[in-house]
Amino acid sequence: MGLLERISSPQDLRRLSTREVDELASEIRAFLVDQVSRTGGHLGPNLGVVELSIALHRVFDSPRDAIVFDTGHQAYVHKLLTGRQDFSSLRRRDGLSGYPSRAESEHDVVENSHASTALSWADGIAKARQVRGETDRHTVAVIGDGALTGGMAWEALNNIAADPDRPVVVVVNDNGRSYAPTIGGLAQHLDSLRTTQGYESVLSWGKTTLRRSGPPGRLAYEALHGLKKGIKDVVAPQGMFEDLGLKYVGPVDGHDEQAVERALRSARAFGGPVIVHVITEKGRGYTPAEQDVADRFHAVGRIHPETGLPLAPSRFGWTSVFADEIVRIGRRRRDVVAITAAMLQPVGLAPFAAEFPERVFDVGIAEQHAATSAAGMAFGGLHPVVAVYATFLNRAFDQVLMDVAMHRAGVTFVLDRAGLTGDDGASHNGMWDMAMLSIVPGLRLAAPRDEATLRTALREAVDVDDAPTVVRYPKGAMGDPIPVLEDVDGVDVLARHDGDAGRVLVVGVGAMVPTALAVGELLAGHGLAVSVVDPRWALPVPAALVKLVDEHDHVVTLEDGLVDGGVGALVGQRAREAGIATPVQSFGVPATFLQHATRDELVRELRLGAHDVAADVLTALHAAG
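Rules and cut-offs
- Residues numbered from 1 in each chain as written.
- Predicted model: local features only at pLDDT ≥ 70, side-chain atom pairs only at ≥ 80, totals over all residues.
- Heavy atoms only, no water.
- Helix = DSSP H or I, 4+ residues; strand = E, 2+ residues; numbered from the N terminus.
- Phe/Tyr/Trp six-rings, centres within 6.5 Å; stacked < 30°, edge-to-face > 60°.
- Buried < 20%, exposed > 50% of the residue type's maximum accessible area, 1.4 Å probe, protein only.
- Salt bridge = Lys/Arg side-chain N within 4 Å of Asp/Glu carboxyl O.
- Pairing = 2+ DSSP bridges.
- Axes fitted to C-alpha atoms, helices over the stretch in contact; angles between N-to-C directions.
- Contact = heavy atoms within 4.5 Å.
- Core = buried A, V, L, I, M, F, W, Y, C linked by side-chain atoms within 4.5 Å.
- pLDDT = per-residue confidence, 0-100.
- Polar contact = N/O pair within 3.5 Å; in protein donor to acceptor, adjacent residues only side chain to side chain.

What follows is about unusual backbone geometry. For the peptide bond that leads from S62 to P63, omega is 5°, which places it in the cis range. Tracing the backbone through its elements, the reader meets P63 in the loop between α4 (50-59) and β1 (66-70). The amide bond that connects L539 to the next residue, P540, takes the cis arrangement and shows omega of -10°. Position of P540 among the secondary structure elements: in the loop between β16 (537-539) and α23 (543-550).

Below, the structure written as structure tokens:
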């Protein structure tokens, strides 16, 4: 039996010798490579936090001491050390989540995997324990992968530092990267700490050399020690943390488990807010990851464990089409610039950055800043394209509303991974955007159905210079082209079926268009006259679509966003406002948090497949007589 198999809880770790700890770290890395290569998942970040995670659980008493991970994708080792070693169904239904999950373990605190939030969680937990008189419990926030580039983290640090007696330990897992290399002033500051020998070595020299020199030497050492703060600013400029009132420990080699333990024990004993700066290497110990310049195997699909190569080639996907088209637009329009929030590669902006490096701005994990900075760029005469995952735009809603829309700024937001994304769970399903953005005055939103409509939507979006535009598309491979039969004032008619049992209009939005076509065929099989349409620009609801509603006896809308307040709900509202009595039956995602599963599994669970939708429509028609 290996050491890892003997670890069922953090208590088991504390019985290990130094040699056994090193052996365990090696076993864990081998386990991660073997298991994650089978399922896919966040490999690089977890290879980098093996020793750090072991040290955390040897020093702190989880769950009595709360350990909060930011972002949660670096918690695989934490899962292993807290008794969860069945990774065979990682990120699959009924298997382990790819992030901390309260349903899995009492050791997991925060499930939301959006970055830069852990310090606020830690601040709140520590305050609650202080009010309740639980002064012997510690709160630890592990923040890394570039999350300190998010402004919310600094708001929290300001509050954490306000009480010198509140025991909060902030572990900065500094690997110099988020998805790709971390950028910005803070990253440069941490770089200076990372590459400095550190003032502690200077003090160590003073202690051993000067104290041997008798009373004068001891006096010199005490004077040197008294100038400790000044020496810090010269030798290792971590003064920015201590100026906030935070004790600073580090930088520490994050792959020297004993050194990390010593630093954490020192921080734990301090009794107040402490920053522990740990230097780690993303992808540590796995050669293919270490040699991957782009993102050190941040997230992988199923790969060959020895080579790191994909087991199956990736199909041409939505992100690839965007990546190609935005370069074409950039060649034609010198005023078009691109903004990303620490996700240049995942959202498809790497080719644009390679061709137009001076026209790409990576703002770090700071979506709010990205939106408002884009508004400023628009005011300055540019047309910014802000490319983010759909779920991450939630964090910048106020800026989209007040800074972009209210100022009629020509900014295009490109939302990747829109709709049901599945495997990453509740926080990553991009299902909120259409309902959320539908209330923004002047905003136009396109939901393309295939490659041609995506390219067209992007070109049309950047031509709008007096309002925000949004282009959203799903995760993964792109389907076959879906031709148009007829254009009705901007609404694409995709299919018509003759029948004499009633006229039904089926409206498909974006990724749900193929389902809408299938529903149309099923309904036509029951003798209904069916038209299937795609509005393409779904928000605001096109006037031509409202007119089509009036020409039918029953309307069905399908979308992969929230059904409450979504496109279908707005179609019904606009029809009623126009005095149209045609019933509108809307299908979409309920307002609930969806657990991790594949997209197909979620579609079945939510009854959004063609056969379920058609059955529900026929039931409604039968009930209506």
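The next subject is the packing of aromatic side chains. According to the stated counting rule, one finds seven aromatic pairs in the structure shown. Here the aromatic rings of F322 and Y473 are separated by 6.3 Å at their centres, their planes lie at 35°, and the arrangement is tilted. A residue pair is termed long-range when its members are at least 10 positions apart, and F322 in helix α15 (residues 318-332) and Y473 in the loop between β11 (469-472) and β12 (486-488) qualify at 151 residues. Judged by its relative accessible area of 0%, F322 is buried.

On to the pattern of salt bridges, then. Enumeration over the complete set of coordinates arrives at 44 salt bridges. For K79, the salt bridge goes to E104, with nearest N and O atoms at 2.7 Å. Here E104 lies in the loop between α5 (76-81) and α6 (118-131) and K79 lies in helix α5, a separation of 25 residues in the sequence. By relative accessible area, which is 24% here, E104 ends up partly exposed. Between D560 and R599 there is a salt bridge whose closest N-O contact spans 3.8 Å. Highlighted residues: D560 in strand β17 (residues 554-562) and R599 in helix α25 (residues 599-605), separated in sequence by 39 residues. Through salt bridges with shared partners, one network takes in D324, E325, R328, E451, R455 and R459.

Spatially, the seven strands line up as an open sheet ordered β7-β6-β8-β9-β11-β10-β16, and their pairing is mixed. One side of each edge strand has no neighbouring strand; the edge strands of this open sheet are β7 (360-362) and β16. Averaged over all adjacent pairs, the angle separating strand axes in this sheet is 25°, with direction ignored. By the bridge criterion, five bridges tie strand β6 (residues 336-340) to strand β8 (residues 383-389) in an arrangement that is parallel. In the strand pairing of β8, A338 is matched with V385. Strands in contact with α15 are β6, β8 and β9 (412-416); relative to β8, the strand with the most contacts, it is inclined by about 170°.

Formed by 55 residues in total, the largest nonpolar core has its most connected members in F413 and L437. The element contributing the most residues to this core is helix α17 (residues 367-379), with six residues. Leave out the neighbours within four places in its chain, and L437 touches L393, V400, L415, L443, L445, V470 and L539. Membership of the second largest hydrophobic core comes to 52 residues, among which are I7, L43, F60 and I67.

Okay, the pairing of β1 next. With five of five residues buried, β1 lies mostly within the body of the structure. What you see with β1 is no split at all: A66, V68 and D70 on one side and I67 and F69 on the other are buried throughout.

Moving on, we come to the confidence of the model for the chain. Per-residue confidence for the chain gives a mean pLDDT of 85; residues scoring 70 or more make up 87%. For the stretch residues 177-203, pLDDT sits under 50, and the model shows 71 contacts to residues farther than four places along the chain or on other chains. A low-confidence stretch, residues 209-214 stays under pLDDT 50, and its non-local contacts, those more than four residues away or across chains, total ten contacts.

Mapped onto the elements of the fold, I482 is located in the loop between β11 and β12. Judged by its relative accessible area of 12%, I482 falls in the buried class. With 32 residues separating them along the chain, I482 and P514 place their C-alpha atoms 8.3 Å apart. Apart from residues no more than four positions distant in its own chain, I482 is found in contact with R449, D450, L494, V513, P514 and L517.

Here we come to the side chain of R449. When you line up the elements, R449 lands in the loop between β10 (444-446) and α21 (451-462). Judged by its relative accessible area of 7%, R449 is buried. A polar atom in the side chain of R449 sits 2.9 Å from the side chain of D492.

Let us now look at the environment of V278. Secondary-structure assignment places V278 in strand β5 (residues 274-279). Judged by its relative accessible area of 0%, V278 is buried. For V278 and D174, which are 104 residues apart along the polypeptide, the C-alpha to C-alpha distance reads 5.8 Å. In contact with V278, other than residues within four places in its own chain, are L52, V171, V172, N173, D174, V252, G254 and V260.

With parallel pairing, the five strands of this open sheet are ordered in space as β1-β2-β3-β5-β4. Since the sheet does not close on itself, it has two edges, and those belong to β1 and β4 (247-253), each with one partner. Ignoring strand direction, the axes of neighbouring strands in this sheet form an average angle of 15°. Pairing of strand β2 (residues 139-144) with strand β3 (residues 168-174), which is carried by six bridges, proceeds in the parallel orientation.

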